Amino acid sequence: MRLLIISGPSGSGKSTLVRHLIGREAIPVAKSISATTRPARPGEVNGKDYFFLPKDEFLRRRAAGEFAETNEVHESGVWYGTLLAELQRIVDSGRTPLLEIDIQGGLRLLEEFKDTLSIFITTASPDEFRKRLSSRGSESPEQIAKRLETAERELKLAHLYSHQVCNDSLDRAVDEIVSLFKSHWK
Ligand code: ADP
Ligand code: 5GP
C-alpha cells in the first residue's frame, strides 16, 4: 500500500498545506481521516475532520487491531490513530492516502509500510512555530508551551523522514510536495 505521510511540529502549517494540496487536485491523494478522543473544536465535523470517538470505544477498537497506528499525542491523555479501514477505503477509490499525523505515528508506519513517501514540514526558524501558534489562537499559553517542547523533540527526528519541506511560502511548499510525489511514484 502506498502512503504519503506528512508530519511536522505543531504550528509548522501542516493542516493549511494539506488543505491547499488537496484543493489543487494535482496529485491523486485523499486525506486519511484520523480517529481521536479529543472533543471537536468549533466548526469541526465528525467524519470529515476526525472520527471523534469516546475513549473506551477508541481503546476497544485499538485492542481489536483496527488501527494501523495510534499515539497519545502531547502527553495530554488524548489519543489519535489511523484506522486500517480508512486507508483501505482510500486505496479502493484509486487514490493514495495522505496522512497528516505526528512523528511517532509516522515512524511506526514507515517500519510497517515500505512504499511510503514521508515528508517533514519545517519553517526557516523554530521561533516561527511560536508565532504561528499564537496567531492561530486555538491553544492556551500552557498548551502552546507543551507543543513547543514536543516540537523540539520532533525536530531531532526529522532526518528519519525521506524529505524535509520548508513551509515559508505556502505555494512553493505545495509545489514541492507535488513534485516529490510525482518523482517518487513515476
Ligand atoms: P499545524 O497544522 O502544523 O499545527 P496550521 O496549518 O494550523 O499548523 O498553521 C498554524 C498557523 O500558521 C495558522 O494560523 C496558519 O494560517 C499559519 N500558516 C500556515 N502556513 C503558513 C505560511 N506558509 N506562512 C505563514 N503562516 C502560515
Ligand atoms: P490536533 O488536535 O491539533 O488536530 O492534532 C494534534 C496532533 O495530532 C497533530 O500533531 C497531528 O498531526 C496529530 N495526529 C492527528 N491525527 C493523527 C493520527 O491518526 N495518528 C497520530 N499518530 N497522530 C495524529
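It should be noted that the structure appears before, not after, this text.
Definitions and cut-offs
- Residues numbered from 1 in each chain as written.
- Chains lettered and ligands numbered in written order.
- Predicted model: local features only at pLDDT ≥ 70, side-chain atom pairs only at ≥ 80, totals over all residues.
- Heavy atoms only, no water.
- Pairing = 2+ DSSP bridges.
- Helix = DSSP H or I, 4+ residues; strand = E, 2+ residues; numbered from the N terminus.
- Axes fitted to C-alpha atoms, helices over the stretch in contact; angles between N-to-C directions.
- Contact = heavy atoms within 4.5 Å.
- Near = heavy atom within 4 Å.
- Polar contact = N/O pair within 3.5 Å; in protein donor to acceptor, adjacent residues only side chain to side chain.
- Areas by Shrake-Rupley, 256 points an atom, 1.4 Å probe, with all protein chains shown as cover.
- Nonpolar A, V, L, I, M, F, W, Y, C, P; charged D, E, K, R; others polar.
- Salt bridge = Lys/Arg side-chain N within 4 Å of Asp/Glu carboxyl O.
- Buried < 20%, exposed > 50% of the residue type's maximum accessible area, 1.4 Å probe, protein only.
- Phe/Tyr/Trp six-rings, centres within 6.5 Å; stacked < 30°, edge-to-face > 60°.

S.K.: Where do I start with the sheet that holds strand β2 (residues 29–31) in this structure?
M.R.: Two modes of strand pairing occur in sheets, parallel and antiparallel, and in both the strands are linked by backbone hydrogen bonds. The strand order across the open sheet built from 5 strands is β2-β7-β1-β8-β9, with neighbouring strands paired in parallel fashion. Lying at the two open borders of the sheet, with one neighbouring strand each, are β2 and β9 (163–166). For this sheet, the mean inter-axis angle between neighbouring strands, taken without regard to orientation, is 25°. The sheet contacts of helix α3 (residues 84–92) involve β1 (3–7), β2 and β7 (96–100), and relative to β7 the element is tilted by about 140°. Strand contacts of helix α7 (residues 170–184): β1, β2, β7, β8 (116–122) and β9, with the helix running at about 160° to β9, the strand carrying the most contacts.

S.K.: How should the site of ligand 1 be read in this particular structure?
M.R.: Neighbouring ligand 1 are 13 residues; Gly11, Lys14, Ser15, Thr16 and Arg136 lie closest to it. The contact in question runs from an oxygen atom of ligand 1 to an N or O atom on the backbone of Lys14, over 2.9 Å. Between ligand 1 and Asn167, the relevant distance is 3.0 Å, taken from a nitrogen atom to a side-chain nitrogen or oxygen of the residue. In isolation ligand 1 offers 560 Å² of accessible surface; the protein chains occlude 75% of this area. Only α1 (14–24) and α5 (127–136) provide two or more residues apiece to the shell around ligand 1. The biggest single contributor to the shell around ligand 1 is α1, with 3 residues. Here the residues of the shell around ligand 1 are counted per class, giving 2 nonpolar, 7 polar and 4 charged.

S.K.: Would you mind showing me how to read the site of ligand 2 here?
M.R.: For ligand 2, the set of nearby residues contains 16 residues, the closest of which are Ser34, Tyr50, Glu69, Tyr80 and Asp102. Ser34 is positioned with one of its side-chain polar atoms (N or O) 2.7 Å from an oxygen atom of ligand 2. Here an oxygen atom of ligand 2 and a side-chain polar atom of Arg41 are 3.0 Å apart. Here the residues of the shell around ligand 2 are counted per class, giving 4 nonpolar, 5 polar and 7 charged.

S.K.: Explanation requested: the pattern of salt bridges in the structure shown.
M.R.: Close approach of charged atoms allows side chains of opposite charge to pair. The final tally for this structure, using the stated rule, is 12 salt bridges. Across the salt bridge formed by Glu66 and Arg61, the nearest N and O atoms sit 2.8 Å from each other. With a shortest N-O distance of 3.6 Å, Arg147 and Glu139 are connected by a salt bridge. In this pair, the class of Arg147 matches that of Glu139, namely buried. Connected through salt bridges with shared partners, the residues Arg41, Arg136, Glu139 and Arg147 form a single ionic network.

S.K.: What is the right way to look at the side chain of Thr96 in this model?
M.R.: Residue position: Thr96 is located in strand β7. When sequence neighbours within four positions are dropped, the list of residues in contact with Thr96 reads Arg2, Leu3, Leu4, Pro28, Val29, Ala30, Ile90, Phe181 and Trp185.

S.K.: How do you make sense of the packing of aromatic side chains when you look at a structure like this?
M.R.: We describe a pair of aromatic rings using the distance from one ring centre to the other and the angle between the two ring planes. Tallied over the full model, the rule gives 6 aromatic pairs. Between Phe120 and Tyr161, the aromatic rings sit 5.7 Å apart at their centres with planes inclined by 75°, giving edge-to-face as the arrangement. In this pair, Phe120 sits in strand β8 while Tyr161 sits in the loop between α6 (141–155) and β9, placing the two residues 41 residues apart along the sequence. Taken together, the ring pairs connect Tyr50, Phe52 and Tyr80 into an aromatic cluster.

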